[in-house]
Amino acid sequence: EALPHQLLPRLRADPVGTASFDGEELRLTFTAFDGYSLVLETSPDLRRWSPVATNSASDRTVTFSHAPVGTPGHWFYRAVMVP
């Protein structure tokens, strides 16, 4: 009974994201705990990931704006919590 009680504070929710367009720019908003930072990464193929920006949470959200550059097509995005 003590073990679950000790582990519960260490659990965290993974960021949940939403995407919208503001003109030509993509706006991505993720949930996060205040005081934590997220790195936005992009990939053209889900194998190679490149960091784009790092932002800190404020009011339990992190917002990124990104204008994709390069060949038109599909781009994949993910947010990774900075340790």
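Residues numbered from 1 in each chain as written. Predicted model: local features only at pLDDT ≥ 70, side-chain atom pairs only at ≥ 80, totals over all residues. Heavy atoms only, no water.

(A) Local environment of the overall build of the protein. Check the secondary structure of the protein and you find 1 helix and 6 strands. For the protein, the N- to C-terminal ordering of α and β elements is α-β-β-β-β-β-β. Taking as baseline every contact in the protein between residues at least 6 positions apart, the subset at least 24 positions apart corresponds to 54%. Carbon and sulfur atoms form 55% of the exposed surface of the protein, whose accessible area is close to 6300 Å². (Helix = DSSP H or I, 4+ residues; strand = E, 2+ residues; numbered from the N terminus. Contact = heavy atoms within 4.5 Å. Areas by Shrake-Rupley, 256 points an atom, 1.4 Å probe, with all protein chains shown as cover.)

(B) Molecular detail of the pairing of strand 4 (residues 50-56). Looking at chain direction, strand 3 (residues 37-43) and strand 4 are connected through 6 bridges and run antiparallel. Note that in strand 4 the partner of Ser37 across the bridge is Ser56. Taking the residues between adjacent antiparallel strands as the criterion, strand 3 and strand 4 are bridged by 6 residues, where Leu46 takes a positive phi near 65°. (Pairing = 2+ DSSP bridges.)

(C) Seen up close, the sheet that holds strand 2 (residues 25-31). Spatial strand order, 1-2-5: 3 strands in an open sheet with antiparallel pairing. With one partner strand each, in any of the chains shown, strand 1 (17-22) and strand 5 (61-66) form the two edges of the open sheet. Sheet twist, expressed as the average angle between the axes of neighbouring strands with direction ignored, equals 20°. In the sheet, strand 1 pairs with strand 2 via 6 bridges, with the strands oriented antiparallel. The partner of Phe21 across the bridge, within strand 2, is Leu26. (Axes fitted to C-alpha atoms, helices over the stretch in contact; angles between N-to-C directions.)

(D) Looking closely at the pattern of salt bridges. Considering all chains together, one arrives at 3 salt bridges under this definition. For Arg78, the salt bridge identified is with Glu41, shortest N-O distance 2.6 Å. Of this pair, Arg78 sits in strand 6 (residues 76-81) while Glu41 sits in strand 3; the two residues are 37 residues apart in sequence, bridging distant segments of the chain. The exposure class of Glu41 is buried, given its relative accessible area of 13%. When the shortest N-O distance is used, the salt bridge between Arg48 and Asp45 registers 2.9 Å. What emerges from the salt-bridge pattern is a single network uniting Asp45, Arg47 and Arg48. (Salt bridge = Lys/Arg side-chain N within 4 Å of Asp/Glu carboxyl O. Buried < 20%, exposed > 50% of the residue type's maximum accessible area, 1.4 Å probe, protein only.)

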